[in-house]
Amino acid sequence: MINIISDEISQMCFSQFGSCVYYFKLADGRKVIIDTSTKKNKEELLEDLDKLKIDPASVDTLILTHTHWDHVENAGVFSNAEIFNNENIDDLEIEGMKVFRCPGHTFDSIALLYKKFLFSGDTLFHGSGIGRRDLEESEPEKMDESLALLRGLDYDVLCPGHV
Ligand SMILES: [Zn+2]
């Protein structure tokens, strides 16, 4: 299911468990995807991309908010995209986008603020929901600080990893 978030940003959500996928096109023409959902949702993802008239091979940049399986399984769909995650996110150059490291749900979680849109991965959800921090890869002692960081940002629209 496609939700148009703004003129620039579309959200794709799916019938089976898996992350949402966000798409936007930058003023310079680059196409950006944030997170990729699961293999079980691959057909739906491809259908939604087709409806949005996006050739997956034309996506330039893929950003992963963290490396959980339910966010990364379709990374291969975007065969020509440069992939950014916690390890190399400092190399990402998108005008108007700020990156925040927010360990807690996982050690490698990041969030992205683009204009007034906050892509919060699995750290912060709608309705003040927060991500699990009882996983092997969690850093529960850092979650409160990360949540305070994100809640303090100047955003209007929350774009979480799951809705
Ligand atoms: Zn996760």
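Structural notes, computed from the coordinates. (Residues numbered from 1 in each chain as written. Predicted model: local features only at pLDDT ≥ 70, side-chain atom pairs only at ≥ 80, totals over all residues.)

A few words on the overall build of the protein chain. Within the protein chain, the regular secondary structure consists of three helices and 10 strands. Over its C-alpha trace the protein chain gives a radius of gyration of 15 Å, about what one expects of a compact globule, namely 15 Å for 163 residues. In terms of overall dimensions, the protein chain has a C-alpha envelope of 40 × 35 × 30 Å along the principal axes. Looking at the protein chain alone, contacts between residues at least 24 apart form 56% of all its contacts between residues at least 6 apart. (Helix = DSSP H or I, 4+ residues; strand = E, 2+ residues; numbered from the N terminus. Rg over C-alpha atoms; globule rule 2.2 N^0.38 Å. Contact = placed C-beta atoms within 7 Å.)

What follows concerns helix H1 (residues 42–51). For H1, the set of buried residues is Leu-45, Asp-48 and Leu-49. Projection of H1 onto a plane perpendicular to its axis shows the buried side chains occupying an angular sector of 100°, all on one side. Seen from the open side of H1, the exposed residues pointing more than 90 degrees away from its buried face are Glu-43, Glu-47, Asp-50 and Lys-51. Where H1 is buried, its residues meet strand S1 (2–4), strand S2 (9–12) and strand S3 (21–25). (Buried ≥ 20, exposed ≤ 12 C-beta atoms within 10 Å, placed from the backbone. Arc of directions from axis to C-beta.)

Time to look at the nonpolar core. One broad rule of soluble globular proteins: the nonpolar side chains tend to lie buried together. Counting 32 residues, the largest nonpolar core has Tyr-22, Ile-33 and Phe-119 as the members making the most contacts within it. Broken down by secondary-structure element, the contributors of at least two residues to this core are S2, S3, strand S4 (31–34), H1, strand S5 (61–63), strand S8 (110–114) and strand S9 (117–121). Beyond its immediate stretch of four places on either side in the chain, Phe-119 contacts Tyr-22, Ile-34, Thr-65, Ala-111, Leu-112 and Cys-159. (Core = buried A, V, L, I, M, F, W, Y, C linked by C-beta atoms within 7 Å.)

The next point concerns the sheet that holds S3. In spatial order, the strands read S1-S2-S3-S4-S5-S6; together these six strands make up an open sheet with mixed pairing. Among the strands making up the open sheet, the edge pair consists of S1 and strand S6 (82–84). Across the sheet, the axes of successive neighbouring strands diverge by a mean angle of 20°, strand direction being ignored. Here three bridges tie S5 to S6, and the two strands are oriented parallel to one another. Looking at S6, one finds that Leu-62 is bridged to Ile-83. (Pairing = 2+ DSSP bridges. Axes fitted to C-alpha atoms, helices over the stretch in contact; angles between N-to-C directions.)

Another aspect to go through is the sheet that holds strand S7 (residues 97–101). Pairing is mixed in the open sheet, where four strands are placed in the order S7-S8-S9-S10. The outermost strands of the open sheet, each flanked by one partner alone, are S7 and strand S10 (157–160). Averaged over all adjacent pairs, the angle separating strand axes in this sheet is 20°, with direction ignored. Two elements, S8 and S9, share three bridges in a ladder whose sense is antiparallel.

With that settled, consider unusual backbone geometry. Positive phi, close to 65°, is recorded for Asp-35, a residue that is not glycine. You can call Asp-35 buried: it has 27 C-beta atoms within 10 Å. Unusually for a residue other than glycine, Ser-128 sits at a positive phi of about 65°. Relative to the assigned elements, Ser-128 resides in the loop between S9 and helix H3 (143–151).

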